Amino acid sequence: MRAWEFAASRALPLCFLGAGYLALSVFLLLWGLPGQVWLSVTILFAAAVALWLAVTFILERRRLRRLHRMLDGLEETYLAGELLPQPFNGTERLYFELMKRISRSAIEQTGKARREKEEYMEYVESWIHELKTPLTACTLMLDNRSDPAGLRRELKRAENLTDNILCYARLRTPWTDLKTQKTDLREAADEAVKSQASLLIAAGIRVEISGEGTVETDRKNLIFMIRQFLLNCARYCPGCTIRILIRDGEIRVEDDGIGIPDYEVDRVTERGFTGSNGRRLGNSTGMGLYLVKGLCDHMGIGLSICSRVGEGTQIALRFPGAGAGPVSSLTEM
C-alpha cells in the first residue's frame, strides 16, 4: 500500500476531524481562549492525528504484506478465504464473512468438478476396455471370413457401448436435444426389441409385448432405456422370457431370470454398481441402470425396480400424469 492510497482511504474521517476541530476552535476563540493556548492545542491535535495516521499506516502495510506473502504461497488461490486472519473492524468483518462464503463455495465446486472429472475418466477407461472385446471379436471373424451373424452381433455390442458413452456425456452437460412428443409405447418397445434382436436371439431370450398406450415423452431416450433393460436380461439371464406390459401411461419390463438380492435392489442405479451377479460374470460396468436413472430424473419419469432371487426382476417406468401407485408384485404381472 502506498502512502497516497492510505491517505485517500482515510480522507473521509480526516475531513470530519478537521471540520470538528475547526468548529471547536471557533467556539473556544469566541469564548475567550488565548491565541497562544489555542496554537499549542492545535499543534498537539495535529501531532496526535499524524501519529495515529503513521501508526495505522505501518500496521496496515505490515498486514497487507503478510496477506500478499500468504497469497503468493498458495497454489490454489480460492483457499485464501479459509486462511484470512480475523479482522477487528466491523465493516471488514462483513467482507471477511463474504470472502469465507465465496471461498467455501469455490472449494465445493472445485471438489465436485474434480470428482466428476475422475468419474468421467474412470468410465472412459472402462468403456475403452469393454469396447476392445467386440472389436477384437470382429477382427478375428473378418480374418477367418466366417460367421456373418456373429459379426453383426459384435458390431451391435460396439454400437450399444457407443450409445452408452454418448448418453453419459449428455447427462453431464446442459441438455439441448430433449424432444418431447406424442409417443406410442408399443411402437417404442417394438423398435427397442428389433434393434437388439440379434443379441436377444443369441442369448435365447423370448420377448412378449402386450398392451397399448400413448404418452408425451422423448421417444429416442425411451427406446434407449428399454434397450438397457433388454441388454441386462441378455447379459444376466440368458434363456429367460421377457414380458413388456403397457397400460395406463406406464410401461413395465419383467423377466423370469435369476433376480437381484434384496440388499442390492436399492443400489442397482448407483454409478458403477455391479452387484453379486455382475461380479460373478465379470463383464459388467454397472452403468446401464445408472444412465436410465439419470434420464428418468431429467425427463420426469418415475422409475421403480423390484426383484426376487430365483423369480426375476420387474422394472416400471411411470410417465408424468400416469399416477404414482406402487409397483405390483411379480406374480401380479
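In the nomenclature of an unreviewed UniProt entry, the chain is known as histidine kinase of Candidatus Pullilachnospira stercoravium. The record held by UniProt for the chain lists under Subcellular location (unreviewed entry) the comment "Cell membrane". Under the Catalytic activity (unreviewed entry) heading, UniProt states for the chain: "ATP + protein L-histidine = ADP + protein N-phospho-L-histidine."

Caption draft 1: Fine view of the side chain of Lys-156. Along the chain, Lys-156 turns up in helix α6 (residues 148-171). From its side chain, Lys-156 meets the backbone oxygen of Ser-195 in a polar contact 3.2 Å long. The contact partners of Lys-156, leaving out residues within four places of it in the chain, are Ser-195, Gln-196, Ser-198 and Leu-199.

Caption draft 2: Highlighting the nonpolar core. Formed by 50 residues in total, the largest nonpolar core has its most connected members in Met-225 and Leu-317. The set of elements that each furnish at least two residues to this core consists of α5 (90-144), α6, α7 (185-195), α9 (219-236), β4 (241-247), β5 (250-255), α12 (288-299) and β7 (312-318). No other element matches the nine residues that α9 contributes to this core. The contacts of Leu-317, once residues within four sequence positions are left out, are Leu-222, Met-225, Phe-229, Gly-249, Glu-250, Ile-251, Cys-296, Ile-301, Gly-302 and Leu-303.

Caption draft 3: Region of interest: the sheet that holds β4. Across the sheet, five strands lie side by side as β2-β4-β5-β7-β6; this open sheet has mixed pairing. With one partner strand each, in any of the chains shown, β2 (206-211) and β6 (302-308) form the two edges of the open sheet. Ignoring which end each strand starts from, the neighbouring axes of this sheet average 15 degrees apart. Sheet strands in contact with α7 are β2, β4 and β5, and its direction is about 170 degrees off that of β2. Its contacts with the sheet put α9 on β4, β5 and β7, and the angle it makes with β7 is roughly 175 degrees.

Caption draft 4: Quick peek at the pattern of salt bridges. Enumeration according to the criterion identifies 15 salt bridges in this entry. A salt bridge links Asp-163 to Arg-227; the nearest nitrogen and oxygen atoms lie 3.0 Å apart. Here Asp-163, found in helix α6, pairs with Arg-227, found in helix α9; they are 64 residues apart in sequence, far enough to count as distant. The exposure class assigned to Asp-163 is partly exposed, which follows from its relative accessible area of 22%.

So, how was this worked out
- Residues numbered from 1 in each chain as written.
- Predicted model: local features only at pLDDT ≥ 70, side-chain atom pairs only at ≥ 80, totals over all residues.
- Heavy atoms only, no water.
- UniProt positions renumbered as here; feature names shortened; annotations may be inferred.
- Helix = DSSP H or I, 4+ residues; strand = E, 2+ residues; numbered from the N terminus.
- Polar contact = N/O pair within 3.5 Å; in protein donor to acceptor, adjacent residues only side chain to side chain.
- Contact = heavy atoms within 4.5 Å.
- Core = buried A, V, L, I, M, F, W, Y, C linked by side-chain atoms within 4.5 Å.
- Buried < 20%, exposed > 50% of the residue type's maximum accessible area, 1.4 Å probe, protein only.
- Pairing = 2+ DSSP bridges.
- Axes fitted to C-alpha atoms, helices over the stretch in contact; angles between N-to-C directions.
- Salt bridge = Lys/Arg side-chain N within 4 Å of Asp/Glu carboxyl O.

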